[in-house]
Amino acid sequence: MLEKYFQFNLNKALWDNNIPFVFVTNGTYCSKNLINTLESTLELPFTSDHCVVAPSPCKALTEYHDKRVLVCCQNDSYDLISELGFKDYLTVEELANIFPDLDFVDHERRHMLLKNPLTDEQKKLQAEFRPIEAILLLGEPINWECSLQILLDVIMTNGDPRKQFKFVPFPHLPIIACNKDLTFKGAASLPRFGHGAFLECLETLYMKVTRNELVYEYLMGKPYLITYEYAAEQIQNLSKNGQRINKFYIIGDNPEVDVRGANLYKESLTGEKSNRGSTKTSRRQSTVEFLNQSLFKPVESILVCTGVYNPQSDMLYHLRNLFDKSLRRSSINPEFLPNESEGITLTVPQQITKKESSSNFLDVEIMQLKEALSRKNSFISYFDNQYNIPDVTVDNLLDAVNYIINNSK
């Protein structure tokens, strides 16, 4: 109850200060269900403009809305397909019912198919089958092995499973993928496999079978640019009296997703290219041709420490504390220590690494440092990439909201 009250007051504070905001999630929810959840939790009159799910930018891809599209997802995402604008689609399960021989992994099903010939209805559907023109990957399916096999079949036969395979088509069918999160946090102690894990399997199998790289036409969801552009368009639509938005604040708890996407979006607006390395992951990364570029203004990323990112699980956080402790004990010149604004700069001063023979100077700290570095794990990679470094780090969502309100006056 307290959590609900806390969330309500935070969002009401933005609402009362006429600061438009949207919720951006990598989920694949139907907007109606998401709005109902938000309204019941936060008690504010939300509309579909307040919600951006991973595949939301598909609404702008009008050139695909009339194409024959194969969709891979679970049952609870079916209502979302037409909401996104797709009019002529079928699911992997429906395709497997038309071409039952494609789903041949299950031994019991295999024996059943060998005993039972095709029905007249199936023969008719196969004869009248219209080739697939694009593939939409909304979320991880239930039976991965079936979906992986059928997706490869469709890609390698250029959309028509009736054809005999001759050569790998190039370029292959356009593929739109939503949400590349490798894992997500569930009730179990360890993260669960997400849609990103399924996509990794698809990419690996395609490379293994064809010796070619699988290329996505669009990748959607955080941290991809197309999603942040779409969210910015939604925020502009929500602004009071059409007032022009001149700054975007992006709050998140995941450096590798929320902050990374914010920095990519900021880079796209300023036109500045950094030396952070290539981030190209799809043929097209942006809907900039569909959206109004003049609306885009500077961006500031805000990392909250109450979710995926927790300083207590961050190796760099503990290393900084170690150096700070060393500074206090040895009166080393602070100029030798890493600057907080420089993110991952952690050069160890010579004075710290050199053992003093006349005392036990830093013996304990050096041992801790060596032990920490010898156990390098996933946590230490949070800020290895410069794109993952936020503009502002705060303890919780309340601090983030107050920061935005104070800077918007």
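Keep in mind that what you see is a predicted model, and the values were worked out from it rather than measured.

Draft legend 1. The pairing of strand β5 (residues 134-137), seen in detail. Along β5, one buried face is formed by Ala134 and Leu136 and the opposite face, lined by Ile135 and Leu137, is buried too. In this structure, strand β3 (residues 68-72) lies alongside β5, joined through four bridges in parallel fashion. What sits directly across from Val69, in β5, is Ala134. Of the strand pairs in this sheet, β5 and strand β6 (residues 175-178) are connected by three bridges, and their pairing is parallel. Looking across to β6, one finds that Leu136 is bridged to Ile176. After leaving β5, the chain enters helix α7 (residues 144-156) and then returns to the sheet as β6, a path that is right-handed.

Draft legend 2. Region of interest: the packing of aromatic side chains. Counted according to the given criterion, the structure contains seven aromatic pairs. Ring centres 5.7 Å apart and planes at 85 degrees place the aromatic pair Phe21 and Phe23 in the edge-to-face group. Assessed through its relative accessible area of 24%, Phe23 is described here as partly exposed. Measuring from centroid to centroid gives 5.2 Å for Phe99 and Phe129, while their planes differ by 85 degrees, and the two rings are edge-to-face. Highlighted residues: Phe99 in the loop between α4 (92-98) and α5 (107-115) and Phe129 in the loop between α6 (120-127) and β5, separated in sequence by 30 residues. With a relative accessible area of 7%, Phe99 lands in the buried category. Put simply, the rings of Phe21, Phe23 and Phe46 pair up and form one aromatic cluster.

Draft legend 3. Fine view of empty space enclosed by the protein. Per the stated rule, a full pass over the model turns up two cavities of 30 Å³ or more. Lining of the largest cavity is provided by Tyr29, Cys30, Ser31, Leu34, Ser48, Cys51, Val53, Ser56, Lys59, Leu80, Glu83 and Leu84. Only α2 (31-42) and α3 (78-83) provide two or more residues apiece to the lining of the largest cavity. Counted by class, the lining of the largest cavity contains seven nonpolar, three polar and two charged residues.

Draft legend 4. Up close: the pattern of salt bridges. In this structure the tally under the stated criterion is 11 salt bridges. Residue Arg109 is joined to Asp103 by a salt bridge in which the shortest nitrogen-to-oxygen separation is 3.3 Å. You can call Asp103 buried: its relative accessible area is 13%. In this structure, Glu128 engages Lys124 in a salt bridge whose closest nitrogen and oxygen atoms are separated by 3.1 Å. Judged by relative accessible area, which is 48%, Glu128 ranks as partly exposed. Look at the salt bridges and you will find they share partners, linking Arg68, Asp88 and Arg130 into a network.

Draft legend 5. Focus on the environment of Phe193. Turning to its location among the elements, Phe193 is positioned in strand β8 (residues 192-193). In this structure, the C-alpha to C-alpha distance between Phe193 and Glu140, residues 53 residues apart in sequence, is 8.9 Å. Apart from residues no more than four positions distant in its own chain, Phe193 is found in contact with Glu140, Trp144, Leu182, Thr183 and Phe184.

Draft legend 6. Here's a closer look at the sheet that holds β3. Strand order in the open sheet made by the five strands is β4-β3-β5-β6-β9, with parallel pairing throughout. Among the strands making up the open sheet, the edge pair consists of β4 (88-91) and β9 (218-220). Direction aside, neighbouring strands of the sheet carry axes that sit 20 degrees apart on average. Relative to β5, helix α8 (residues 195-210) is tilted by about 140 degrees, and along the sheet it contacts β3, β5 and β6.

Draft legend 7. Inspection of the packing of helix α9 (residues 225-238) against helix α10 (residues 255-270) at higher detail. Taken N-terminus to C-terminus, the directions of α9 and α10 make an angle of 75 degrees; their axes are 9 Å apart at the nearest point. With respect to α10, the axis of α9 lies roughly perpendicular. Within the contact between the two elements, α9 uses Leu225, Tyr228, Glu229 and Ala232 and α10 uses Val257, Asp258, Gly261, Ala262, Leu264, Tyr265 and Ser268. In terms of residue class, the contact of α9 with α10 is made up of seven nonpolar, two polar and two charged.

Calculation criteria
- Starting from 1, residues in each chain are numbered consecutively following that chain's sequence as written.
- Where totals are concerned, whole chains, interfaces and linings use all residues; where local detail is concerned, this predicted model gives features only for residues with pLDDT of at least 70, and gives and counts side-chain atom pairs only at 80 or more.
- For side-chain calculations, the full set of non-hydrogen atoms in the structure is used, while hydrogens and water are omitted.
- Burial status follows relative accessibility: with a 1.4 Å probe on protein chains alone, a residue under 20% of its type maximum counts as buried, one over 50% as exposed, and anything between as partly exposed.
- Under the DSSP-based scheme used, a helix requires at least four consecutive residues in state H or I and a strand at least two consecutive residues in state E, with every element numbered from the N terminus.
- Between any two strands, pairing holds if DSSP finds at least two bridges.
- By convention, a crossover is right-handed whenever its connection, traced from the first strand over the helix to the second and viewed with the strands pointing away, goes clockwise.
- In this scheme Phe, Tyr and Trp rings, the latter by its six-membered ring, pair at centre separations within 6.5 Å, and the angle between planes marks the pair as stacked below 30 degrees, edge-to-face above 60, and tilted otherwise.
- Space inside and on the surface of the protein is sampled on a 1 Å grid over the protein atoms alone, with a cavity defined as a set of points where a 1.4 Å probe fits but cannot get out and a pocket as an open set with protein on both sides within 12 Å along at least 5 of 7 lines; lining residues have an atom within 4 Å of a point.
- Grid points are joined across faces, edges and corners, and a volume is the space filled by probe spheres set on the points.
- Each residue gets one label: Ala, Val, Leu, Ile, Met, Phe, Trp, Tyr, Cys and Pro are nonpolar, Asp, Glu, Lys and Arg are charged, and the others, such as Gly, are polar.
- Salt bridges are defined by distance alone: a side-chain nitrogen of Lys or Arg within 4 Å of a carboxyl oxygen of Asp or Glu.
- Here a residue-residue contact requires only that any non-hydrogen atoms of the pair lie within 4.5 Å.
- As a rule, the C-alpha atoms of each element are fitted with a line to give its axis, helices using only the stretch in contact, and angles between N-to-C directions run from 0 to 180 degrees.
- When describing relative orientation, an angle under 35 degrees is termed roughly parallel and one over 145 degrees roughly antiparallel, while 65 to 115 degrees is termed roughly perpendicular and anything else oblique.

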